[in-house]
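An overview of the molecular structure
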Amino acid sequence: MAELLIRGGTVVDEGGERRADVLVSGRDVVAVAEGIEAPAGARVLDAGGCLVAPGLVDLHTHLRQPGGEVAETVESGCRAAALGGYGAVVAMPNTEPAIDDPSVARDVLELGRGALAQVAVAGAITIGRRGERLSPMGELAALGVRLFTDDGSGVQDASVMRQALEYAGDLGVVLAEHCEDASLAAGGHMHEGAWSSRLGLPGQPALAEEAMLARDLSLVRLTRTPMHFLHLSTAGSVDLVRRAKAEGLPVTAEVTPHHLLLTDAEVASYDPVFKVNPPLRGQADVEAVRGGLVEGVIDAVATDHAPHPPETKERPFEEAPPGMLGLETALAVAFGALSGRLGAVGLLGAFSWRPARIAGLDPASGGRQGGPVAPGAPANLVVFDPAAEWEVDPAALSSRSRNTPYGGRRLRGRVRHTLREGEPVVVDARAQR
Ligand code: DOR
């Protein structure tokens, strides 16, 4: 069996941090200790100055297949994921057709089989994501689908959401809401605030997110069924989740790297690369979502990697679709945005073991992601150099699209190596196949 030694790093997992080498044999870790001798014939990967952690898990990736292959494919998206340190991604169902049917889910899972990261699939809550009739959630759950969402839009009809929660409770799956009240958000292209007034662009108010979140929290209180909240972006949302958790409601929440770093002031450039849903908010909101993550009110960082090809993304701001790339830059962006307020264990928990649990990909759920770095554990690992500086070159990204908001920016922290089931799929920041 192929052996591989990761030498000289600091191992970080839920149990804490320690200096240790990691020996991998086949698909598993077999030893974690200081000063391991490389066995004859073993490959050695240098991890000097690096953190060695369980691979990252993205709860929110738009892989665009089927139907959006000009923007991304399962293959290109998973290559971007591996370069970003991800061991697994959850593919969002707002494809064409939507993943609202077992045959589409099976196709995406099949495409993921040879990819550089594990592909899990989120199913649509309603048929065609139209918010009217429930998808065959039981049949999708039987294929292993654990998360359901109409992401791209929220489920507008409260009675449909109530019914979905009741089914989800029976099936033991989790609903993930894109909180956006369509009537309040209608016509808005950016956050409603001082910048939208100054720029003359119609805004969507924070209330569009918070009103649906508050409604859903009431439905969770009624049904006692777990729910996950996607890409929360406002101070009011953080307060609502804080209170819900204090009350004991079974809820989890994520924030994106871009909502941790960027504000609506970026829109002053009128560059549609900064158009995203939910929109970039004000500085007080950015501070609040950072605080929510540090406090543990927000459980996970998820990318909302949303590739769009230049022919649509480079239209005038009001006509361009919302969305930005995220997979290849996420860990560095979050690392920089939190600049020391969250230690390595806290940050990697938000990127690895906590999202693994929400997605049901952790060892306790029968999965192979987010577990400890320990003998017998799966060798799905990331080696991250927190001191490496690099400049983001949109043309050099491996996604099929180019819509990164960080083009030309210098980031600190870079994924050096990624192991998928023991295979070094990324070495020295280069994909190996
Ligand atoms: O900005 C976004 N883009 N937000 C979403 O919710 C959907 C996504 C997309 O699919 O492009």
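The sections below set out a description of the structure shown in this document. (Residues numbered from 1 in each chain as written. Predicted model: local features only at pLDDT ≥ 70, side-chain atom pairs only at ≥ 80, totals over all residues. Heavy atoms only, no water.)

What about the environment of Arg357?
Within the fold, Arg357 resides in helix H14 (residues 353-358). A sequence separation of 300 residues divides Arg357 from Val57, and the C-alpha atoms of the two residues are 9.5 Å apart. If sequence neighbours within four positions are ignored, Arg357 has contacts with Glu14 and Asp362. (Helix = DSSP H or I, 4+ residues; strand = E, 2+ residues; numbered from the N terminus. Contact = heavy atoms within 4.5 Å.)

Overview of the site of the ligand
For the ligand, the set of nearby residues contains 14 residues, the closest of which are Arg64, Asn94, His178, Asn277 and His308. Between the ligand and Asn94, the relevant distance is 2.8 Å, taken from an oxygen atom to a side-chain nitrogen or oxygen of the residue. Residue Pro322 places a main-chain N or O atom 3.1 Å away from a nitrogen atom belonging to the ligand. Isolated, the ligand exposes 290 Å² of accessible area, and the fraction of that covered by the protein chains is 94%. (Near = heavy atom within 4 Å. Polar contact = N/O pair within 3.5 Å; in protein donor to acceptor, adjacent residues only side chain to side chain. Areas by Shrake-Rupley, 256 points an atom, 1.4 Å probe, with all protein chains shown as cover.)

Some words on unusual backbone geometry
Each neighbour pair has its own omega, and for Gln65 with Pro66 the value is 0°, a cis peptide bond. Examined against the element boundaries, Pro66 turns out to sit in the loop between strand S6 (56-61) and helix H1 (74-83). The omega torsion across Asn277 and Pro278 is -10°, close enough to zero to call that bond cis. Within the element layout of this structure, Pro278 appears in the loop between helix H9 (257-261) and helix H10 (283-295). Look at His231: it is not a glycine, yet its phi comes out positive at around 25°. If you trace the backbone, His231 turns up in the loop between strand S13 (227-229) and helix H8 (235-246). When its relative accessible area of 2% is taken as the criterion, His231 is described as buried. With phi around 50°, Asp428 is a residue other than glycine that occupies positive phi space. (Buried < 20%, exposed > 50% of the residue type's maximum accessible area, 1.4 Å probe, protein only.)

Things to note about the environment of Pro66
For Pro66, a relative accessible area of 23% gives the class partly exposed. Separated by 295 residues in sequence, Pro66 and Leu361 place their C-alpha atoms 23 Å apart. Setting aside its immediate chain neighbours within four residues, Pro66 contacts Thr95, Glu96, Pro97, Val104 and Val108.

Considering the sheet that holds strand S14 (residues 251-255)
Paired through their backbone hydrogen bonds, the strands of a sheet run either parallel or antiparallel. Across the sheet, eight strands lie side by side as S6-S7-S8-S9-S10-S13-S14-S15; this open sheet has parallel pairing. Only two strands of the sheet have a single neighbouring strand rather than two, namely S6 and strand S15 (300-301). Two elements, S6 and strand S7 (residues 86-91), share four bridges in a ladder whose sense is parallel. Bridging from a neighbouring strand, Leu56 pairs with Tyr86 of S7. Strands in contact with helix H2 (residues 102-111) are S7 and strand S8 (118-123); relative to S8, the strand with the most contacts, it is inclined by about 165°. (Pairing = 2+ DSSP bridges. Axes fitted to C-alpha atoms, helices over the stretch in contact; angles between N-to-C directions.)

Here's the deal with the pairing of strand S3 (residues 28-33)
For strand S2 (residues 16-25) and S3, the ladder comprises five bridges, and the chain directions are antiparallel. Bridge pairing in S3 places Leu23 opposite Ala31.

Description of the packing of H8 against H10
Two elements in contact, H8 and H10, have axes separated by 8 Å at closest approach and are oriented at 30°. Relative to H10, the element H8 lies roughly parallel. Contacts between H8 and H10 involve Ala235, Val238 and Arg242 from the first element and Ala284, Asp285, Ala288, Val289, Gly292 and Glu295 from the second. Among the residues forming the contact of H8 with H10, the class breakdown is five nonpolar, one polar and three charged. (Parallel < 35°, antiparallel > 145°, perpendicular 65-115°, else oblique. Nonpolar A, V, L, I, M, F, W, Y, C, P; charged D, E, K, R; others polar.)

A closer look at the side chain of Thr263
Looking at the secondary structure, you find Thr263 in the loop between H9 and H10. In contact with Thr263, other than residues within four places in its own chain, are Leu280, Arg281, Gly282, Gln283 and Val286.

As for the layout of surface pockets
What the largest pocket holds in volume is close to 350 Å³. Along the walls of the largest pocket sit 22 residues, with Leu83, Glu328, Trp390, Arg414 and Ala429 positioned nearest its centre. A breakdown of the residues in the lining of the largest pocket according to their chemical character gives twelve nonpolar, four polar and six charged. (1 Å grid on protein atoms, 1.4 Å probe; cavity = no way out; pocket = protein on both sides within 12 Å on 5 of 7 lines; lining within 4 Å. Points joined across faces, edges and corners; volume = space filled by probe spheres on them.)

Structural notes on the nonpolar core
Among the nonpolar cores identified, the biggest contains 73 residues, and Leu175, Phe229, Leu293 and Phe351 are the most heavily contacted of them. When near neighbours in sequence (up to four residues on either side) are disregarded, Phe351 contacts Leu56, Val57, Tyr86, Val301, Ala330, Leu331 and Ala334. (Core = buried A, V, L, I, M, F, W, Y, C linked by side-chain atoms within 4.5 Å.)

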